[in-house]
Amino acid sequence: MKLYGLKLLLIALLELIINANSFPQNTKSNKNIIDTIDIIHYDLNIDLVYLSSKSIKGVANIKFITKTSNITNITLNLLKLNVDSVQINNITTNFTYDDTIIKIPVNASLVNNDTNYVTIYYHGQPIKDASGWGGFYFTNDSSYAFNLGVGFMASPHSYGRVWFPCIDDFREKATYDFKIKVKNSNIAVCNGTLIDTYCSGNNTTTYHWRIKTPIPAYLASVAIGKYSIISDTYNGINNNIPIKLYVRPSDSINAINSFTNLKNIL
């Protein structure tokens, strides 16, 4: 098993080296996007009720600040999903989408250092990376779904764009609210702190997570399934820090044994 894991790591590193030549073009393209706007916050509302459909339905409310007064369009990354409609500051607007880039024309009213909002309604079946590692996954029995934010054969390798519209670049960081709707029998887990859970009707529950520390899009994460929760507390210098491990029920004992050194690390 250890040799197999080492083999996978070496293959991954080789793929990173092979694909390195494609970095400059994509990095330059994303730099043009970053030079135009700065995304401050993502509010992601994702419907993952029917895992058997292997699809998602989402509304991304994106708060951004303009970096120049000469903006002709806003460009966002989204990979092979369907864009239903787009709004700028609550006004429906035209857009173009080529399965990779959403380009939204804007008017001259967007001035430098101004705060604005773009809302994207979208749906579809998110993809996996060609390497088999990275992207959005649904288990064969439709009991679990989760994302892996790095695609080894993708260029760039960051892979937030497979499940929400974003500036998918490690240099662009923002805070997040995740509102994930699932069946009552499932739990949704994301980055940050669980703010609330509330009934969404029709035997569904919405889990609201929030992360206040800005992170790049590829680190945004979600996992849905029938998890057991292992709870503990770490007595920190300034305050007590809650620990929660979300695991498959059959893995509970293994998880406890695997994380025996967690408090020492903290």
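See the structure above.
Since the structure is predicted, the reported quantities are computational estimates derived from the model, not experimental observations.

The subject of this paragraph is the pairing of strand β17 (residues 240–247). When a strand is regular, its side chains alternate between the sheet's two faces. Sheet topology note: the strand β16 (residues 228–235)/β17 ladder contains eight bridges and is antiparallel. Each residue of the ladder has a partner; that of isoleucine 230, found in β17, is leucine 245.

The mixed open sheet is built from eight strands, whose spatial order is β5-β4-β8-β2-β1-β11-β14-β13. On the outer flanks of this sheet lie β5 (91–93) and β13 (193–201), each paired with one strand and no other. Each adjacent strand pair in this sheet contributes to an overall mean axis angle of 20°, direction not counted. Taken together, the seven bridges between β13 and strand β14 (residues 204–216) define a ladder with antiparallel strand orientation.

Next up on the list: the layout of surface pockets. There is about 290 Å³ of room inside the largest pocket. For the largest pocket, the full set of lining residues is Val189, Gly192, Thr193, Leu194, Trp209, Ile241, Pro242, Ile243, Lys244, Tyr246, Leu262 and Leu266. Of all the secondary structure elements, the ones that give two or more residues to the lining of the largest pocket are β13 and β17. Considering every element that reaches the lining of the largest pocket, the biggest residue donor is β17, with five residues. Looking at side-chain class alone, the lining of the largest pocket contains nine nonpolar, two polar and one charged residues.

All right, on to the sheet that holds strand β12 (residues 187–190) then. Taken in spatial order, the four strands line up as β9-β10-β15-β12 in an open sheet, and their pairing is antiparallel. The two strands at the open ends of the sheet, each matched to only one other strand, are β9 (135–138) and β12. Recorded for the sheet is a direction-independent mean angle of 20° between the axes of neighbouring strands.

Conventions we followed
Residues numbered from 1 in each chain as written. Predicted model: local features only at pLDDT ≥ 70, side-chain atom pairs only at ≥ 80, totals over all residues. Heavy atoms only, no water. Pairing = 2+ DSSP bridges. Helix = DSSP H or I, 4+ residues; strand = E, 2+ residues; numbered from the N terminus. Axes fitted to C-alpha atoms, helices over the stretch in contact; angles between N-to-C directions. 1 Å grid on protein atoms, 1.4 Å probe; cavity = no way out; pocket = protein on both sides within 12 Å on 5 of 7 lines; lining within 4 Å. Points joined across faces, edges and corners; volume = space filled by probe spheres on them. Nonpolar A, V, L, I, M, F, W, Y, C, P; charged D, E, K, R; others polar.

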